Amino acid sequence: MTDVSSNPLLAPSTLPYGLPDYRQITPQHYLPAFEQAFAEHRREISVITRARSMPTFENTMVPLERSGELLGRISRTFYTVSSADGTPEIQQIEETLAPLMSAHADAIGLDGALYWRIKTLHDALDGLELAPEDRYLVERHYREMTQAGAGLDDEQKAALTELNSRLSVLTTTFEKNLLADTNDLAVVFDAADELDGLTSGELSAAAQNAADRGLDGKYVITLTLFTGHPYLSTLTRRESRERLLAASRSRGSRGNDHDNRAVLREIVRLRAERAALLGHASHAAYVTSDETAGSPDAVHALLRRLAAPAARNAAREQAALQAIVDAEPEPFALDAHDWAFYTEKVRAAEYDLDRTALRPWFDAERVLQDGVFRAASELYGVTFTERPDLPGYHPDVRVFELHNADGSALGLYVLDLYTRDTKRGGAWMNSIVSQSGLRGTDPVVVNNLNVPKPAPGEPTLLTLDEVTTLFHEFGHALHGLFAVVTYPHFAGTAVFRDFVEFPSQVNEMWILWPEILTAYARHVDTGEPLPAAVVEKLHASEAFNQGFATSEYLAASWLDQAWHSLSAEDAAADIDVAEFEARALAEIGLDNPVVPPRYSSTYFAHVFSGGYSAGYYSYIWSEVLDADTVEWFRENGGLTRENGERFRTRLLGVGGSKDPLEAYRDFRGRDADIASLLKRRGLAD
Ligand SMILES: [Zn+2]
């Protein structure tokens with residue numbers, strides 16, 4: 001056993017806000033600390049479950065919410081680092097930890113005695129006269145443990161554990177197969193002229209890819225997760241585009257060792273069996289029952305509502321692209337691999353907009369201080385002070401302290417902007433310390449991006465997409481920072497998956513907001529604002545190509561729903577994957593062969609190996625609330641303290657402590673109206 005004096009993870013940090021002191025922590029500290037934390041958490045739970053007295057809110061829920069504090073602290077300290085600076089040593093620890101974490105989570109989550117106490121409280125809920133947040137806490141714990149299977153008998157629990165463990169093997173296999181087939185299918189080109197249209201940098205990267213594979217003198221293009229590859233928009237040779245798209249779409253369905261068809265059918269079957277075991281008609285019914293959507297019917301109704309107008313818009317866009325092709329010397333019928341290429345021609349002609357030329361106006365420091373922070377100050381009255389005295393886990397990490405308008409301390413915002421080999425891809429927000437009245441903690445939140453680091457002394461210039469990402473992730477950060485809840489279970493972003501993207505999407509509205517844009521979008525050398533004509537083009541091109549983008553997204557969402565809406569019995573049938581897909585897409589009218597789904601089943605990692613099974617619809621579901629909220633801000637004068645205060649107190653601050661749709665009504669004065677989303681995406685009739 002490691003004692004407190006020699007392991008800094010076992011004692012609370014002495015830094016402000018409980019920021020972990022990474023200067024004191026070495027990788028060897030983690031596993032022993034986790035072991036002690038698991039034991040402590042088990043001990044805390046057993047104190048609750050062994051109590052002789054009947055369950056009360058005070059003897060069950062309160063200690064439950066106090067429990068696991070050490071484990072939570074160590075976990076957040078560790079996973080912050082493993083995702084953003086996962087050295088081989090840290091990765092090794094993460095691998096060792098994975099089965100220990102899941103076994104621990106199962107032991108607590110399926111604890112029959114704990115479940116009995118919570119269920120007893122839940123059954124008597126109306127007579128307990130609890131405060132609203134307390135009452136909701138009982139409901140949520142009861143619901144979550146029931147979803148996990150804590151209410152099953154021992155035989156059923158054994159069957160469930162068996163299903164879960166087989167599923168975890170299958171989802172890992174799916175991911176491994178996908179990775180292997182993606183690598184195998186990297187497309188080899190013999191000569192540079194086949195890749196006409198790529199930049200010299202892209203071409204030399206392709207030559208390097210080839211050399212790395214021992215194919216000197218050739219060119220290799222590696223595939224991305226999407227069906228559509230970014231190079232499809234610039235490759236001038238039709239055959240090259242065709243080869244690239246065909247390779248991308250064949251992943252996981254070629255009858256080789258990496259074929260994912262049987263794997264995904266078994267995943268679908270076992271998920272349906274598990275749903276049946278837990279009392280649901282399908283996996284989609286099981287998943288959506290504990291989301292704001294409530295049922296697959298609600299999800300299907302939304303997807304159906306959007307599909308027809310999206311398909312119509314895509315057909316209109318297709319006709320415009322076909323017209324360009326028809327004007328060429330050798331016209332042909334536009335195919336899926338031609339879409340992006342001709343779309344870029346239209347974009348250039350209609351909007352005269354070269355998005356890559358905008359970077360000098362997006363100096364990262366100005367975007368942060370005069371854009372992201374300024375919008376938050378004007379809306380919410382918060383101020384930001386950089387604290388270079390506070391250490392991060394890496395020299396590039398910056399720490400900012402936030403204060404409220406009345407001068408009171410709010411929390412810390414940690415920003416890790418740059419890409420590095422040890423950081424996973426994408427961008428995200430996570431909490432290092434969650435706000436909780438019960439535990440007396442203030443929030444510490446982190447934003448990670450993957451912006452390439454410039455040479456020393458050079459400014460960091462962002463793309464418009466990176467600017468968008470920063471505003472988006474900061475929206476998640478505000479959700480965490482503004483939490484005002486009693487129980488840690490409810491802090492900030494601890495909300496339903498089909499709700500969590502909503503606040504971050506809303507924060508993107510300030511990117512092109514005139515007062516904010518003029519403040520931050522200034523030329524790095526001259527300080528000149530972005531020319532008005534460019535701003536106009538940015539606004540004008542917002543709805544461009546939305547028919548295609550919406551259709552390919554909806555098609556993938558529909559495939560996810562189609563697979564996961566099968567009953568256990570139907571899922572047991574011998575299903576041909578390609579036929580199943582074709583039938584599903586035809587059923588919703590998204591079967592235009594020129595607009596394929598964003599992912600086909602055999603490489604749809606979000607739903608077959610990631611955490612989005614029966615949940616890929618969440619993005620558009622959240623966007624209904626987002627668009628409706630943006631409309632509200634516009635109607636009420638936009639960027640004002642009054643508007644910010646209302647959004648902060650009625651929505652962001654309550655986190656997961658009440659029914660999110662109730663919080664939404666409280667903020668908006670009514671339920672969300674889909675009209676704003678239809679307008680934004682050009683889908684209104
Ligand atoms: Zn997000």
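Residues numbered from 1 in each chain as written. Predicted model: local features only at pLDDT ≥ 70, side-chain atom pairs only at ≥ 80, totals over all residues. Heavy atoms only, no water.

1. Here's the deal with the environment of Gly149
Residue placement: Gly149 occurs in the loop between helix H6 (132–148) and helix H7 (154–184). C-alpha of Gly149 to C-alpha of Glu291: the two residues are 142 residues apart in sequence and 17 Å apart in space. Excluding residues within four positions of it along the chain, Gly149 makes contact with Leu110, Lys157, Leu160 and Leu278. (Helix = DSSP H or I, 4+ residues; strand = E, 2+ residues; numbered from the N terminus. Contact = heavy atoms within 4.5 Å.)

2. Remarks on the pairing of strand E7 (residues 444–451)
E7 sits mainly inside the fold: 7 of its 8 residues count as buried. As defined by bridge partners, strand E5 (residues 409–418) adjoins E7 across 6 bridges and the pair is classed as parallel. Among the inter-strand pairings, Leu415 is bridged to a residue of E7, identified as Asn447. Pairing analysis gives 5 bridges linking strand E6 (residues 428–433) to E7, with the strands arranged antiparallel. By the bridge assignment, Trp428 is partnered in E7 with Asn448. (Buried < 20%, exposed > 50% of the residue type's maximum accessible area, 1.4 Å probe, protein only. Pairing = 2+ DSSP bridges.)

3. A closer look at the pattern of salt bridges
Where charged atoms of side chains with opposite charge meet at close range, the side chains can pair. All chains considered together, the criterion is met by 38 salt bridges. The shortest N-O distance in the salt bridge between Arg387 and Asp389 comes to 2.9 Å. Residue classification places Asp389 among the partly exposed residues on the basis of a relative accessible area of 47%. Of the charged contacts in the structure, one is a salt bridge between Asp416 and Arg420, with a shortest N-O distance of 2.8 Å. Take Asp416 and Arg420: they sit in the same class, and that class is buried. Salt bridges sharing partners connect three or more residues here, namely Glu623, Asp626, Arg680 and Arg681. (Salt bridge = Lys/Arg side-chain N within 4 Å of Asp/Glu carboxyl O.)

4. Here's the deal with empty space enclosed by the protein
For the coordinates displayed, the defined rule picks out 1 cavity of 30 Å³ or more. By volume, the largest cavity is sized at about 50 Å³. Surrounding the largest cavity, Tyr380, Gly475, Leu478, Pro503, Val506, Asn507, Trp510, Phe633, Phe647 and Leu652 form its lining. Counting residues per element, the ones that place at least two in the lining of the largest cavity are helix H15 (464–481), helix H16 (497–507) and helix H24 (641–652). In terms of residues, the lining of the largest cavity owes the most to one element, H16, which gives 3 residues. By residue class, the composition of the lining of the largest cavity is 8 nonpolar, 2 polar and no charged. (1 Å grid on protein atoms, 1.4 Å probe; cavity = no way out; pocket = protein on both sides within 12 Å on 5 of 7 lines; lining within 4 Å. Points joined across faces, edges and corners; volume = space filled by probe spheres on them. Nonpolar A, V, L, I, M, F, W, Y, C, P; charged D, E, K, R; others polar.)

5. Topic: the environment of Val594
Within the fold, Val594 resides in the loop between helix H21 (577–587) and helix H22 (605–608). Relative accessible area serves as the criterion here: at 7%, Val594 is assigned to the buried category. Residues in contact with Val594, not counting those within four places in the same chain, are Gln318, Leu334, Asp335, Ala336, Trp339 and Phe548.

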